[in-house]
Structures are given as C-alpha cells and as structure tokens.
Amino acid sequence: MGEVISLQELQLAARNHALPLEALRWDVTPIGLHYLLTHYDIPDVDVDAWRLEVGGLVERPLSLSLDDIRARPAVETAVTMECAGNGRAHVEPHVVSQPWLLEAVGTARWRGTPVAGLLAEAGIRDGAVEVLFTGLDRGVEGGEEQAYARSLRLAEVLTGDAILAYEVNGVSLPPQHGYPLRLVVPGWYGMTSVKWLSSISVLGEPFDGYQMRHSYRRRQHEDEPGEPIARMAPRSLMIPPGIPEFLSRSRIVAAGACKLRGRAWTGESEIVGVDVSTDGGATWQRAELDDDSFGRWAWRSWSFIWDAEPGDYELCCRARDAAGNVQPLEPPWNVGGYMNNAVQRVAVSVVE
Ligand SMILES: Nc1nc2c(c(=O)[nH]1)N[C@H]1C(S)=C(S)[C@@H](COP(=O)(O)O)O[C@H]1N2
Ligand SMILES: [Mo]
C-alpha cells in the first residue's frame, strides 16, 4: 500500500463509501452498509412535483407520479451491484478518480416495476435503437456540464430484468440511493443503474453523452474509442478472518481450524467455483460453493475450512465462471482503471 492518494481523491472517498468487508456476512447488505457512488450532489427532490417523463420514439408519451409507478405491477429482485471502478486504487500506473480498493459492492432487494412493461405500455415506434435514462443530478465532468445520463440498447431493456425501483430492502429509497426512483439493471456494473430518475427517452440513434462516449470505456490510450463497459466480470471476496491490526488492517488469527467465508458473483455467465490460496496465489484449493438461494442476480456464498498453523500467510480467493473466466492475480490496466477483478489479498499472522 505505497501509492499516494491526493486530498481530492480522499474527498471523493469520504463521500462515497465502500462495503466494510465483514458486512459480507449478510446475504442482503443492510442498506447503510451498501457501497455508495454519487458523481455530483444528491439532488433535492420535491416528490409532489416530481414526475417520470417517458418520451422520444413512443406512441404514447407518459408523465407518471410516484403513486402511478407504485400502482403498477411490482417485482422484487435481489441484485449484487458493483462499481466498474472497483479495484482502481490497486492498478499501476495510478489512475486518479474515486480510489476504490476492492469493496465497492453490495447486494440489495430492489422493489419496483419492470422497465420493459412500462415501455410496452408507451409503445415503441419504428427506428428505436436505445433507451436513455436521465437523472436529476447535475455537475461538470471532463469540462462538460451535464445531468448524469446513461443509455442501454433497446433489446437489452426489452429482454432484461431491469426495474424502476422505489424501495430497497423493504423501505423507500434513501436519498443517497436515488429517491424517489432509480433504474436497477441486474448483472451490469453500477453506472448503468441511474439514480434520481427524471426521464426515460427512446432514441433512434445511440446516445453519445459523456458517460457513454468518454467514461466507462476500456482502452489503453485516451485517444482510442475503446470498448464500452457492460456486465460485471467474475469476482470473489472473503470476510477477513480473526481480528485486525488498526492501521494496516492485517489480521491476527488463533491457530486451529478457521472457517473462511465469502461471496462470489458475476454478471456475465454463472459462478461455478471459488478457490482459496494461503500462499499468495502460488497454490489453490477448492472452496465449498453454497446453493444459489436468493436468485440469479445475487452473489453466492462460499466457505473453506483452513487448518491454520502458526506463521505468516497471504490469503487469496478467486472465482471461476461457466465460460472459463477466472480472476487474475495481477490487476489489469486501462485508462479509467475499470474492471480490476484481480484477486483479494489478506495478510494474516496465525498465533498460538
Ligand atoms: N443519477 C446518478 N445515477 C448514478 C450515479 C450518479 O452519480 N448519478 N452513479 C452511478 C454509479 S457509477 C454507481 S457505481 C451506482 C452506485 O449506486 P449506489 O450509490 O446506490 O450504490 O449508481 C450509478 N447511478
Ligand atoms: Mo460506479
């Protein structure tokens, strides 16, 4: 941990907190412990005046109050959400932005109405290719004043499980998570799930706003277009065992059988296994993967019994998916420091 983080990065980190790793113990993250990422300010919303405008290439434009949306067919989905910048502070050379280490993730039960149903009611017109979701929050980024806005391919919206959520874990959305209404796109990195939604617009051309054209692309040089970031790559995390040393957060564990527990997720295919290493990734053993009990879009729990003998160790875990992807040992680099799913490393001293 020798990298230098600036006061500007600390300012971002203080506003946008991560999941304390011990909170991996809950299947559904208590909402105050779910990670948070807000590019600009949390907007001040007068819910009586607020409307969701649905327009663009539709037969019947809609203007809906929160009560109108709450009266629609409802679904509740447990969704693991992760920021695309998770892991950024570990990439070299250093990328300046929100300096996530590895815990920008959480799982929540989002309740709302399916986006596909709302669009079917509005009626999609010929020539539609994308759906644009715009938030109420405004700021300046890359020199451009903008409202936070992201688009999705029409087919993705019509065939996917995206919802317009007004509740999380059984309560109204808290201000920081998008009150009164947000988009939640299961399986995708968090930037897709636009908070404080104000409008949905069906477009005949791909949207080229800042958050699509410039941010959230994987590229090796500033001047190349790169690949848009979409679904979450496979990743696993463990609850650090034992107790922490205050400053380094390295762990002290009593010798004997130690049950390691964690979570694994992906937005691309399916997690098929998790491996654990006690020697920094030189050798691996299979962990026990639990049954997927809270749905297709939520993380899976895993455990591993470690016979801990006195000494110093570096624990690692790695997830494998059905397509044969496995978490790398070293952080991949790109301009934005996105999608770093390199294995977690936990320094542990085992004592008698
Ligand atoms: N309107 C708006 N939506 C937004 C953002 C934002 O800054 N403004 N941040 C995005 C990013 S980058 C992430 S990772 C997720 C974080 O959601 P959370 O804060 O509810 O965890 O929200 C996304 N939706
Ligand atoms: Mo993010």
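Residues numbered from 1 in each chain as written. Chains lettered and ligands numbered in written order. Predicted model: local features only at pLDDT ≥ 70, side-chain atom pairs only at ≥ 80, totals over all residues. Heavy atoms only, no water.

Trainee: Outline the layout of surface pockets, listing residues and values.
Mentor: Of the voids in this model, the second largest pocket is the one considered here, and its volume is about 740 Å³. Taken together, 33 residues form the lining of the second largest pocket, with L12, H39, S97, Q98 and E141 sitting closest to its centre. Among the elements of the structure, α1 (7–15) and β5 (130–141) are those that each provide at least two residues to the lining of the second largest pocket. With five residues, α1 is the largest single contributor of residues to the lining of the second largest pocket. When residues of the lining of the second largest pocket are sorted by domain, at least three fall in each of domain 1 (7–228) and domain 2 (235–351). (1 Å grid on protein atoms, 1.4 Å probe; cavity = no way out; pocket = protein on both sides within 12 Å on 5 of 7 lines; lining within 4 Å. Points joined across faces, edges and corners; volume = space filled by probe spheres on them. Helix = DSSP H or I, 4+ residues; strand = E, 2+ residues; numbered from the N terminus. Domains from an automatic or database assignment.)

Trainee: An account of empty space enclosed by the protein is needed here, citing residue identities and associated values.
Mentor: In this approach, a probe sized like a water molecule rolls over the atoms, and the result shows the empty space that is left. Taken as a whole, this structure holds one cavity of 30 Å³ or more when the rule is applied. Volume-wise, the largest cavity comes out at about 240 Å³. Around the largest cavity, the lining comprises 19 residues; the ones closest to its centre are L37, R182, G190, S193 and K195. Classifying every residue of the lining of the largest cavity by side-chain character gives 10 nonpolar, six polar and three charged. (Nonpolar A, V, L, I, M, F, W, Y, C, P; charged D, E, K, R; others polar.)

Trainee: Report on the sheet that holds strand β16 (residues 256–265), specifying residues and quantitative values.
Mentor: Taking strand neighbours across the sheet as the criterion, the four strands line up as β13-β16-β20-β19 in an open arrangement whose pairing is antiparallel. The strands lining the two open edges of the sheet, one partner per strand, are β13 (235–238) and β19 (288–289). In this sheet, β16 lies alongside β13 in antiparallel orientation, the contact comprising four bridges. Within β16, the residue paired with L237 across the bridge is R263. (Pairing = 2+ DSSP bridges.)

Trainee: Which residues make up the site of ligand 1, and what are the values?
Mentor: By nearness alone, 19 residues border ligand 1, and H39, D137, H177, R182 and K195 come closest of all. Measuring from an oxygen atom of ligand 1, one finds a side-chain N or O atom of R182 at 2.7 Å. Backbone polar atom of S193 to a nitrogen atom of ligand 1: 3.0 Å apart, as the coordinates give it. Contact with the protein chains removes 100% of the 530 Å² of surface that ligand 1 exposes when unbound. (Near = heavy atom within 4 Å. Polar contact = N/O pair within 3.5 Å; in protein donor to acceptor, adjacent residues only side chain to side chain. Areas by Shrake-Rupley, 256 points an atom, 1.4 Å probe, with all protein chains shown as cover.)

Trainee: Outline the environment of S199, listing residues and values.
Mentor: Summarising the element assignment, S199 is placed in strand β10 (residues 197–203). Given a relative accessible area of 21%, S199 falls into the partly exposed group. C-alpha of S199 to C-alpha of R231: the two residues are 32 residues apart in sequence and 23 Å apart in space. (Buried < 20%, exposed > 50% of the residue type's maximum accessible area, 1.4 Å probe, protein only.)

Trainee: Before we move on, can you summarise the pairing of β5 with the specific residues and values?
Mentor: Across the 12 residues that make up β5, a large majority, nine, are buried. As consecutive antiparallel partners, β5 and strand β6 (residues 144–153) are separated by two residues, and within that stretch G142 has a phi angle of approximately 55°, a positive value.

Trainee: Which residues make up a nonpolar patch on the surface, and what values do they have?
Mentor: Among the surface-exposed residues, I5, L7 and L10 lie close enough to one another that they form a single nonpolar patch of about 310 Å² accessible area. Tracing the chain through its elements places L7 in helix α1. (Patch = residues over 30% accessible without salt bridge, like charges linked within 9 Å, V, L, I, M, F, W, Y side chains within 5 Å. Salt bridge = Lys/Arg side-chain N within 4 Å of Asp/Glu carboxyl O.)

Trainee: Quick rundown of the pattern of salt bridges? Include the residues and the values.
Mentor: Summed over all chains, the structure comprises 12 salt bridges. The shortest N-O distance in the salt bridge between R109 and E76 comes to 3.1 Å. With R109 in strand β4 (residues 105–114) and E76 in strand β3 (residues 75–82), this residue pair connects regions lying 33 residues apart in the sequence. Look at R109 and you get partly exposed, because its relative accessible area is 31%. Looking at E76, the relative accessible area reads 38%, which means it is partly exposed. The shortest N-O distance in the salt bridge between D208 and R213 comes to 3.7 Å.

Trainee: Requested: an account of the sheet that holds β10, with residues and values cited.
Mentor: Pairing within the open sheet is mixed, and its five strands lie in the order β2-β1-β10-β5-β6. The outermost strands of the open sheet, each flanked by one partner alone, are β2 (62–64) and β6. Averaged over all pairs of adjacent strands, the angle between strand axes in this sheet comes to 25°, irrespective of strand direction. Alignment of β5 against β10, held across six bridges, turns out to be antiparallel. Within β10, the position partnered with F133 by the bridge is I200. (Axes fitted to C-alpha atoms, helices over the stretch in contact; angles between N-to-C directions.)

Trainee: How would you sum up the side chain of D137? Please name residues and give values.
Mentor: With respect to the helices and strands, the residue D137 is situated in strand β5. Put simply, D137 is tucked away with no salt bridge, and the nearest opposite charge, on K195, sits 7.2 Å away. (Lys, Arg positive; Asp, Glu negative; His and termini not counted.)

Trainee: Any details on the domain arrangement of the protein chain? Residues and values, ideally.
Mentor: By domain assignment, the protein chain separates into domain 1 (7–228) and domain 2 (235–351). Summarising the inter-unit geometry, the C-alpha centres of domain 1 and domain 2 are found 27 Å apart. Contact residues are listed per partner, giving 41 residues for domain 1 and 24 residues for domain 2. In total, about 3000 Å² of surface goes out of reach between domain 1 and domain 2, with carbon and sulfur atoms giving 60% of it. We note a salt bridge from R235 to E82, for which the minimum N-O separation is 3.4 Å. There are 18 residue pairs in polar contact (both at pLDDT 80 or more) connecting domain 1 and domain 2. Put simply, the parts of the chain that give the side of domain 1 that touches domain 2 at least two residues each are β3, β4 and β11 (217–218). (Contact = heavy atoms within 4.5 Å. Buried area = accessible area lost by both parts, 1.4 Å probe.)

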